[in-house]
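Here are the chains, one letter per residue:
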Amino acid sequence: MKVTVSRKAHFNAAHRLYRPDWSFEQNDAVFGKCNNPNFHGHNYDLTVSVTGEIDPETGYVVDVKILKDFIKSEIEDAFDHKNLNVDVPEFKNLNPTAENIVVVIYDKLKAVLDSHLVLEVTLYETPRNFVTYSGS
Ligand code: NI
């Protein structure tokens, strides 16, 4: 019997979308306002979903307190009120698009969660724009 347990989280962060190997004009054509050299911010919302068998002893798929603590230590502490391009090592050479951010979040959580749990992460960059990654 497999059940999915989800936890919502939130962080604020700034970013700039651009490629340093492209001209400003090329960056402007592809990334538009997101190429603003002075960066801009988003209120990112996150849904982390974990699927697995219910442990017959505890009745849990995952202890939500542990999941909450992992999200705080791995994601919120690392990203909240940061400039993703400048402050977060994973984006030193990786454009911090929503797509790339959700993959980085997935990888960081996957590394600390029990390996038999199936993980899916949805990242909202705006209430209407969101991306989902489940490791494939
Ligand atoms: Ni943006």
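In this report, we go over the structure that sits alongside the text. Every value quoted in this text rests on a predicted model; they were computed, and no experiment measured them.

Considering the packing of aromatic side chains
- For the structure on display, the rule yields 6 aromatic pairs.
- Taken together, Phe11, Tyr44, Phe79 and Phe91 form an aromatic cluster joined through their ring pairs.
- When the ring centre of Tyr18 is taken as origin, the NZ or CZ atom of Arg16, which lies over that ring, is 3.8 Å away.

Some thoughts on a nonpolar patch on the surface
- Taken together, the side chains of Met1, Val3 and Ile54 present a nonpolar region at the surface, about 280 Å² in accessible area.
- Among the secondary structure elements, Val3 is positioned in strand E1 (residues 2-15).
- Residue classification places Val3 among the partly exposed positions, given a relative accessible area of 31%.

Considering the coordination of the nickel ion
- Binding of the nickel ion to the protein goes through His15 (NE2), His40 (NE2) and His42 (NE2), at separations of 2.1 Å.
- One chain supplies every donor for the nickel ion, spaced along it as H-x24-H-x1-H. Here His15, found in strand E1, pairs with His42, found in strand E2 (residues 40-53); they are 27 residues apart in sequence, far enough to count as distant.

Considerations on the sheet that holds E2
- Here we have 5 strands laid out as an open sheet, ordered E3-E1-E2-E4-E5, and mixed in their pairing. The sheet is open, and its two borders are formed by strand E3 (82-83) and strand E5 (130-133), each paired with just one other strand.
- Sheet topology note: the E1/E2 ladder contains 14 bridges and is antiparallel. For Phe11, the partnering residue across the bridge sits in E2 and is Tyr44.
- Sitting on the sheet, helix H2 (residues 64-79) touches E1, E2 and E3, and the angle it makes with E1 is about 20°.
- Across the sheet, helix H4 (residues 98-112) is in contact with E1, E2, strand E4 (118-124) and E5; its angle to E4 comes to roughly 145°.

Structural notes on the packing of H2 against H4
- Taken N-terminus to C-terminus, the directions of H2 and H4 make an angle of 145°; their axes are 9 Å apart at the nearest point. Judged by the sense of rotation from one axis to the other, the crossing of H2 with H4 is right-handed. Between H2 and H4, the residues in contact are Phe70, Ile71, Glu74, Ile75, Ala78 and Phe79 and Ile101, Val104, Ile105, Lys108, Leu109 and Val112, respectively.
- Partitioning the contact of H2 with H4 into residue classes produces 10 nonpolar, no polar and 2 charged.

Here we look at the layout of surface pockets
- Taken as a whole, the largest pocket encloses approximately 220 Å³ of empty space.
- Partitioned by chemical class, the residues of the lining of the largest pocket number 5 nonpolar, 3 polar and 3 charged.
- If you add up the space inside the second largest pocket, you get close to 180 Å³.
- The wall of the second largest pocket is formed by 14 residues, among which Val61, Val62, Asp63, Asp114 and Leu117 lie closest to the centre.
- By residue class, the composition of the lining of the second largest pocket is 8 nonpolar, 2 polar and 4 charged.

About the cut-offs
- Residues numbered from 1 in each chain as written.
- Predicted model: local features only at pLDDT ≥ 70, side-chain atom pairs only at ≥ 80, totals over all residues.
- Heavy atoms only, no water.
- Phe/Tyr/Trp six-rings, centres within 6.5 Å; stacked < 30°, edge-to-face > 60°.
- Lys NZ or Arg CZ within 6 Å of the ring centre and 35° of its normal.
- Patch = residues over 30% accessible without salt bridge, like charges linked within 9 Å, V, L, I, M, F, W, Y side chains within 5 Å.
- Areas by Shrake-Rupley, 256 points an atom, 1.4 Å probe, with all protein chains shown as cover.
- Salt bridge = Lys/Arg side-chain N within 4 Å of Asp/Glu carboxyl O.
- Helix = DSSP H or I, 4+ residues; strand = E, 2+ residues; numbered from the N terminus.
- Buried < 20%, exposed > 50% of the residue type's maximum accessible area, 1.4 Å probe, protein only.
- Donors = N, O, S within 2.8 Å, 3.2 Å for Na, K, Ca; no water.
- Pairing = 2+ DSSP bridges.
- Contact = heavy atoms within 4.5 Å.
- Axes fitted to C-alpha atoms, helices over the stretch in contact; angles between N-to-C directions.
- Left-handed = near helix turned anticlockwise from the far one by under 90°.
- Nonpolar A, V, L, I, M, F, W, Y, C, P; charged D, E, K, R; others polar.
- 1 Å grid on protein atoms, 1.4 Å probe; cavity = no way out; pocket = protein on both sides within 12 Å on 5 of 7 lines; lining within 4 Å.
- Points joined across faces, edges and corners; volume = space filled by probe spheres on them.

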